[in-house]
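Chain by chain, the residues run as shown.
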Amino acid sequence: MNLSDLRTQIDSIDTELLRLLNERVRLAAQIGHVKRSEGAEIYVAKREEEVLQRLLTHNGGPLDERAIRSIYREIMSAAIALEKRVVVAYLGPEATFTHQAALKKFGAMLEYLPLATITDVFGAVEKGDADYGVIPIENSTEGAVFHSLDMLVESELKIVAQIFLEISHHLISHAPLAEITKVYSKDQAIGQCRRWLHRHLPHATCLDAESTARAVEIARDNVGTAAIASSLAAEMYGVPIAAPNIQDKADNTTRFLVVGKRSSGALGGGRDKSSYVFTINDRPGALLTALEPFGKRGLNLSKIESRPSKRKAWDYYFFVDVIGHHEDDAVRAAIKELETNCPFVKWLGSYPNL
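Note that the structure is a prediction, hence the values are computed from the model and not measured. (Residues numbered from 1 in each chain as written. Predicted model: local features only at pLDDT ≥ 70, side-chain atom pairs only at ≥ 80, totals over all residues. Heavy atoms only, no water.)

Asker: Got a sec to walk through the packing of aromatic side chains? Specific residues and values, please.
Answerer: The geometry of an aromatic ring pair is captured by two quantities: the separation of the ring centres and the angle between the planes. Taken as a whole and assessed by the stated rule, the structure comprises 6 aromatic pairs. Arranged with centres 5.8 Å apart and planes meeting at 25°, the rings of Phe106 and Tyr132 form a pair that is stacked. One end of the pair, Phe106, is in helix 4 (residues 97-106); the other, Tyr132, is in strand 3 (residues 132-139), with 26 residues separating them in the sequence. Here the two residues Phe106 and Tyr132 agree in accessibility, since each one is buried. Between Phe278 and Phe318 the ring centres are 5.8 Å apart and the planes differ by 20°, which places this aromatic pair in the stacked class. Taken together, the positions of Phe278 in strand 12 (residues 272-279) and Phe318 in strand 14 (residues 316-323) put the pair 40 residues apart, joining distant regions of the chain. With respect to class, Phe278 is no different from Phe318; both count as buried. The structure contains a cluster of three or more aromatic residues connected by ring pairs, namely Tyr43, Phe106 and Tyr132. (Phe/Tyr/Trp six-rings, centres within 6.5 Å; stacked < 30°, edge-to-face > 60°. Helix = DSSP H or I, 4+ residues; strand = E, 2+ residues; numbered from the N terminus. Buried < 20%, exposed > 50% of the residue type's maximum accessible area, 1.4 Å probe, protein only.)

Asker: I'd like a description of the nonpolar core, backed by residues and values.
Answerer: In this structure, Ile118, Phe122, Ile135, Leu152 and Phe319 are the most contacted members of the largest nonpolar core, which totals 27 residues. Put simply, the parts of the chain that give this core at least two residues each are strand 1 (87-91), helix 5 (118-127), strand 3, helix 6 (146-154), strand 11 (253-260), strand 14 and strand 15 (344-352). A total of 5 residues in this core trace back to one element, the largest contributor, which is helix 5. When sequence neighbours within four positions are dropped, the list of residues in contact with Leu152 reads Phe122, Ile137, Ile159, Leu257, Val259, Lys346 and Leu348. Tyr43, Tyr132, Val160 and Ile167 belong to the second largest nonpolar core, which has 21 residues in total. (Core = buried A, V, L, I, M, F, W, Y, C linked by side-chain atoms within 4.5 Å. Contact = heavy atoms within 4.5 Å.)

Laid out in C-alpha cells, this is it:
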C-alpha cells in the first residue's frame, strides 16, 4: 500500500470520526438539558472517571492512558461547553501552575476566571460567579498550602475532584546568571528550588510575588531580576529561560483540588477518597482515640495534616484523607464514632482517587 492509499484511508476515518464526535456531542447536549431540568450538576467527576475507565479497559493500543485521557478531556470539554456555560475560577493570573491544572482537568473549551487569591476563588464559587474553583493544596516537596486548608474549614463548598500536576520550574530572566541579584516567585516555588538557588545564585535575594506568572512580569520589567515559573509563563510574557528545570526534586508534583457546591458520587472499589477535618479534646491519647475508628475498620488514611485553629493557642485542626467514599458503610461508621470523640468534625468532600 503506497502513501496515497494510506492517506486516503486516514481521510475516510477522519470523516467518520467527525460524524461520530458530533453525534456524541448532540447526545451530551440532550443529557445537559435533562440535568438542567432536574437541577443536577453539569460536570460530574464520577461519571467522567467511569467513562475514562471503560475506555481504558477496551483500549487495545497503541494509544496509552495518557493519550486517551488527553483526547477525551477535550471531547468532554467541548460537550460540557455546549450543555451549559461553565466558568472555572482559579488562582491566577494566566500561565500559573493552577491555570495549567485547571486546563488539565476541564479542557480548553470552558470559560476561565483568574483571581488574585485563594479566598477570591472560594468567594466566586460561593456567590455563583463561577461553577467550580481550582486551588493548590499540597506539594510533594514543600507540603501543604495552608491558606487552602483554612478556606476548606471556613467554606461550605465541597471538594469535587483532585488534579496532580508535575511541576517543572525554570529560572526566567533577560539577564545572565552572573548579573541576577533578585529572584521573584511564590514562596512554595522558591522552596522547591532552594538548593539550586543556594548553589547557583548564593548572593541573589529571593522575594515573594503574588504568583509565578506575576514574578515573570517583574523579571521582564526590571534589570538584573529573575523569576521562577513555568515555560508557559516565559512564553506568554516574552522572557527567555535562563536555566531550565531548577526544582530540587525531579518528581516534584503539586496536588490541586476542584471545589464546588456538591461533592462527587461514589465510584466504589476503593477508587474514592474522602477528606475530613476535626479537632480533639485536650487530654492524653486524644489523637490516638480519634484515629482508632479508621484503623479498626481497615480504612487507609492516606494523609494527616495539622494546622493551628487560630481560636486559641495550641489548639489544632487535623485534616485527614481516607480511601473510600463518605457514603461507604465503613466510612460512615468511622465518622459516626469520630463524632462521639471529637468536639468538631467536618466532611470536606469525596471524589475520585485517580
